[in-house]
Amino acid sequence: MSRLISGAAAAVLVCIAGATVIVHVQSKAAAPAFSRTELVPPPTAGWPTNGGNLGNQRYSPLTQINRDNVTQLKGMWRTRLRGSGLGPQYSGEAQPLVYDGVIYIVTGADDVFAVAVETGNVLWEYRANLDPINDSVCCGWTSRGVGLGDGRVFVGQLDGKLVALDQRTGTVAWSIQAERWQEGFTIPSAPLYYDGLVITGFAGAERGIRGRVKAFNAKDGSLAWTFYTIPGPGEFGHDTWPKDNELWQDGGASVWHTPAVDPELGLIYFGTGNPGPDYNGVVRKGDNLFSVSTVAIDAKTGKYRWHFQHVHHDIWDYDAATPPVLFDLAVNGRLRKGIAQPSKTGWVYILDRATGKPLVGIDERTVPQEPHQGTAATQPYPRGDAFVPQSIDIAPEGTTLVNKGRIFTPFWKTPVPVKPAIAGGANWAPAAYDPQAGHMIICASDRAVSYVAQDLETRRPAEGTNYVGGSPIRHLPLLGVFAAVDLRTNTLVWQQHWPDQCFSGVAVTAGGLAFVGRNDGRLTALDTQNGKRLWEFQTGAGMNAPVSVFEHNGREYVVAYSAGNMLQGTPRGDSLWLFGLDGTLAPAVASGTAMQFTQGAAGQPNIDNGKAAYDRACSSCHGSQGEGGHDGAPSLRATRSAALIMQTVSEGRREMPSFSSLLTAEQIRDVAGYVSERLAVAGR
């Protein structure tokens with residue numbers, strides 16, 4: 001049965017700086033100020049950092065749950081997180097942290113919960129109370145986890161705040177405005193606690209930011225150092241941006257994930273996103289460092305040490321959005337300290353983490369050119385295998401293939417189909433590393449779109465506004481790819497197609513299991529040797545977050561956050577599940593199996609309410625003004641039939657899911673009125 005905290009009258013309510021903290025029971029657990037090397041080994045008794053260890057390996061050495069008995073895995077308890085993150089704009093992508101019998105989880109609303117391992121009871125909850133008018137969030141309201149260290153839980157928020165919570169009570173120890181959301185900055189990633197510092201990157205390339213990583217003192221939130229992912233005048237790499245404009249100040253290169261750390265080398269590693277403006281290189285001639293790169297900086301000072309650029313002068317949105325993974329492995333008979341980062345290109349970039357030089361060869365090859373776009377003459381091609389298709393066999397209806405739609409095919413004013421595309425390859429979802437086999441297990445997607453550019457000026461964009469220079473046009477169904485790659489040779493061990501996108505991330509164990517969630521709500525366990533599915537469990541909402549594996553009182557458990565995803569249109573929920581071999585809870589009923597579609601209500605629409613609902617539920621895909629989304633969702637400016645809009649919102653269409661379980665009949669009516677009477681009129 002679901003175990004929920006009772007006795008709300010005993011709770012203590014604390015309001016601080018707009019946030020709300022409810023303390024039900026004070027936790028006795030407090031993490032130490034972890035030493036530099038304490039979080040290097042794979043975790044056992046808990047899961048103390050976002051990647052499991054500082055190398056982001058997401059590997060558990062536990063073997064109690066294994067290939068032979070995983071079919072016995074059932075739910076120990078299911079706890080509801082008080083409806084947090086249930087709205088249509090939210091996504092549940094957070095990896096739970098576990099320390100000394102307490103689980104720490106953050107929802108898409110940046111609300112944090114401490115939950116007891118033994119009972120599933122909520123010990124305390126922190127409510128961020130985010131301002132709903134925030135229009136800087138690119139790709140759904142989400143958080144990918146929290147940080148932990150020195151008795152505090154650290155959360156980066158979508159309003160640009162970095163907050164430290166007392167680990168025992170959830171009360172705010174300090175809160176700083178790390179960057180302003182009004183300028184386009186958000187923090188979707190989990191902060192990293194390391195050596196007394198809290199380190200975080202910032203997203204916002206689609207809003208014209210200059211990307212950066214910052215380190216703050218964990219004691220008081222004071223700034224320790226800043227590294228800009230777009231170098232300024234006099235800094236190495238600045239000459240890869242034009243000299244005749246100032247657009248390097250809006251050059252993008254977001255950091256979407258938690259960095260990895262090598263304490264022995266004293267280096268922090270992260271990947272960077274696309275340069276700005278997206279899809280258009282006409283105003284930013286040059287390689288545009290350090291966009292779409294793996295970057296290493298000094299952990300104490302934030303100073304640049306090395307980089308490897310995956311894509312020169314990117315115009316396809318080939319972000320390095322997946323966390324880099326550190327590994328030690330014999331390559332060509334010699335033990336090497338490596339770093340591997342999967343990418344949207346569909347390749348894994350395998351480098352020496354001391355120097356940034358390729359461990360497995362990467363060749364610069366000439367590529368087709370488009371003079372308007374200022375395309376790079378060559379691009380890096382890793383030797384070995386791509387883990388997703390990189391060309392198109394048959395032209396999608398209504399298109400003409402150029403260069404077989406291969407990777408790095410350029411485009412201009414005429415749409416050109418290319419694969420992989422913006423949602424293809426490895427997106428944000430973390431990969432995992434199996435040190436027993438030397439294999440990386442990757443959650444990825446197979447996608448083709450047509451790209452098209454638009455005219456741009458060299459004038460800097462207004463603060464916090466959309467900054468894109470073209471758009472993708474979606475083609476064909478979006479498929480998932482799940483694959484294992486041998487990091488010694490960068491070759492495929494096994495690979496499989498899924499009927500929908502893999503959008504949750506992976507955790508692997510020494511028991512030979514790879515745990516990965518599915519959009520339909522299933523949590524699955526696959527055999528790491530061959531990808532065979534061994535177990536599945538319906539969680540009741542889109543299972544779009546990576547799980548964590550740990551031991552408590554001699555028993556191995558798996559904890560999973562089941563909440564759904566805005567970009568996938570998966571069923572929403574607010575459940576935290578604990579699984580064990582002695583569990584008794586049966587699977588939940590799959591959400592939506594008996595859904596009754598609700599058409600919009602009768603009567604005149606409330607346009608203001610429609611705008612509010614549109615901003616929450618629709619703008620991340622279709623654009624704030626209905627101009628078409630960053631990921632290829634169509635423009636709504638020619639959609640003037642309110643009846644058609646109500647039907648589409650209610651029932652879904654093509655890749656758009658039904659919103660009938662997320663919006664009321666009145667909200668659907670009001671959204672239809674706003675789109676047909678305001679956005680369509682503005683587009684005439």
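Above this text you will find the structure in question.
Residues numbered from 1 in each chain as written. Predicted model: local features only at pLDDT ≥ 70, side-chain atom pairs only at ≥ 80, totals over all residues. Heavy atoms only, no water.

A. Focus on the overall build of the protein. Summing up its helical and strand segments, the protein has four helices and 37 strands in all. Across the 684 residues in the protein, those meeting the buried criterion constitute 64%. Within the protein, contacts between residues at least 6 apart in sequence are counted, and of these 63% link residues at least 24 apart. Carbon together with sulfur atoms contributes 49% to the accessible area of the protein, which is approximately 23,600 Å² in total. (Helix = DSSP H or I, 4+ residues; strand = E, 2+ residues; numbered from the N terminus. Buried < 20%, exposed > 50% of the residue type's maximum accessible area, 1.4 Å probe, protein only. Contact = heavy atoms within 4.5 Å. Areas by Shrake-Rupley, 256 points an atom, 1.4 Å probe, with all protein chains shown as cover.)

B. Summary view of the sheet that holds strand β10 (residues 152-156). Strand order in the open sheet formed by four strands is β9-β10-β11-β12, with antiparallel pairing between adjacent strands. Either end of the sheet is taken by a strand with one partner, and the two such strands are β9 (147-149) and β12 (172-177). Looking at each pair of strands side by side, their axes are set apart by 15° on average, direction ignored. Bridge analysis of β10 against strand β11 (residues 161-166) gives five bridges, and the strand direction is antiparallel. Counted as the bridge partner of F154 is A164 from β11. (Pairing = 2+ DSSP bridges. Axes fitted to C-alpha atoms, helices over the stretch in contact; angles between N-to-C directions.)

C. Structural view of the pairing of strand β7 (residues 112-116). Extensive coverage of β7 is indicated by the burial of five of its five residues. Of the two faces of β7, the one lined by V112, A114 and A116 and the one lined by F113 and V115 are each fully buried. Where strand β6 (residues 102-106) and β7 come together, five bridges link them in antiparallel fashion. Note that in β7 the partner of Y104 across the bridge is A114. In this structure, the hairpin formed by β6 and β7 is closed by a connection of five residues, where D110 is found at a positive phi of approximately 65°. Across four bridges, β7 lies against strand β8 (residues 122-127) in antiparallel orientation. From the neighbouring strand, V112 faces β8, where its bridge partner is Y126. Linkage of β7 to β8, two consecutive antiparallel strands, is achieved through a turn of five residues, within which G120 is found at a positive phi near 80°.

D. Here's a closer look at the state of the cysteines. In the structure shown here, the tally under the stated rule is two disulfides. What pairs with C138 in a disulfide is C139, and their sulfur atoms sit 2.1 Å apart. For C443, the disulfide goes to C502, at an S-S distance of 2.0 Å. Every disulfide takes its handedness from the sign of the S-S torsion; for C443 and C502 that torsion is -120°, giving left-handed. In this pair, C443 is assigned in strand β28 (residues 439-453) and C502 in the loop between β30 (491-498) and β31 (506-509), connecting sequence segments 59 residues apart. As far as the burial class goes, C443 and C502 line up, both buried. (Disulfide = S-S within 2.5 Å.)

E. Structural detail: the pairing of strand β22 (residues 334-342). The pairing of strand β21 (residues 325-331) with β22 spans seven bridges and is classified as antiparallel. The residue of β22 that forms the bridge with V331 is R334. Where β21 folds back onto β22 in an antiparallel hairpin, the turn is made up of two residues, including N332, whose phi is positive at roughly 55°. As judged from the five bridges shared by β22 and strand β23 (residues 348-352), these two strands associate in the antiparallel manner. Residue pairing in the sheet places A340 in a bridge with I350 of β23. Counting the residues that bridge the hairpin from β22 to β23 gives five residues, and of these G346 lies at a positive phi of roughly 95°.

F. View of the sheet that holds strand β17 (residues 260-262). Strand order across the open sheet formed by four strands is β17-β18-β19-β20, with antiparallel pairing between neighbours. The strands lining the two open edges of the sheet, one partner per strand, are β17 and β20 (304-309). Within this sheet the neighbouring strands show an average axis-to-axis angle of 20°, counted without direction. Here five bridges tie strand β19 (residues 293-298) to β20, and the two strands are oriented antiparallel to one another. What sits directly across from A296, in β20, is W306.

G. Looking closely at unusual backbone geometry. A cis amide bond, omega 0°, links G276 with the succeeding residue P277. Here P277 is to be found in the loop between β18 (267-271) and β19. The residue after K419, namely P420, is reached through a cis peptide bond having omega -5°. For P420, the position within the fold is in the loop between β26 (416-418) and β27 (432-434). Residues other than glycine seldom take positive phi values, yet Y279 does so here, at roughly 70°. With respect to the helices, strands and loops of the structure, Y279 is situated in the loop between β18 and β19. Taking the relative accessible area as the measure of exposure, Y279 reaches 0% and is therefore buried. We note that N288 has phi near 60°; this positive angle belongs to a residue other than glycine. The residue N288 is located in the loop between β18 and β19 in this model.

H. The packing of aromatic side chains, seen in detail. Tallied over the full model, the rule gives 33 aromatic pairs. Judged by centre distance (5.6 Å) and plane angle (65°), the rings of Y381 and F408 are edge-to-face. Taken together, the positions of Y381 in strand β25 (residues 378-382) and F408 in the loop between β25 and β26 put the pair 27 residues apart, joining distant regions of the chain. Each member of the pair Y381 and F408 is classed as buried. Through pairs of rings, three or more aromatic residues link up here, namely F34, Y99, F154, W174 and Y193. Note that R210 overlies the ring of Y228, its terminal NZ or CZ placed 3.9 Å from the centroid. (Phe/Tyr/Trp six-rings, centres within 6.5 Å; stacked < 30°, edge-to-face > 60°. Lys NZ or Arg CZ within 6 Å of the ring centre and 35° of its normal.)

I. Expanded view of the environment of T272. Position of T272 among the secondary structure elements: in the loop between β18 and β19. Residue T272 is classed as buried on the basis of its relative accessible area, which comes to 0%. Distance in space between the C-alpha atoms of T272 and I230 is 10.0 Å, their sequence separation being 42 residues. Setting aside residues up to four positions removed in sequence, T272 forms contacts with T229, A253, S254, V255, F290, S291, V292, S293, V295, D319 and A320. At 2.9 Å, the side chain of T272 forms a polar contact with the backbone nitrogen of V292. In terms of polar contacts, T272 uses its side chain to reach the backbone amide nitrogen of S293, at 2.9 Å. (Polar contact = N/O pair within 3.5 Å; in protein donor to acceptor, adjacent residues only side chain to side chain.)

Note that every value here comes from positions in space, so none of it alone points to a role or purpose.
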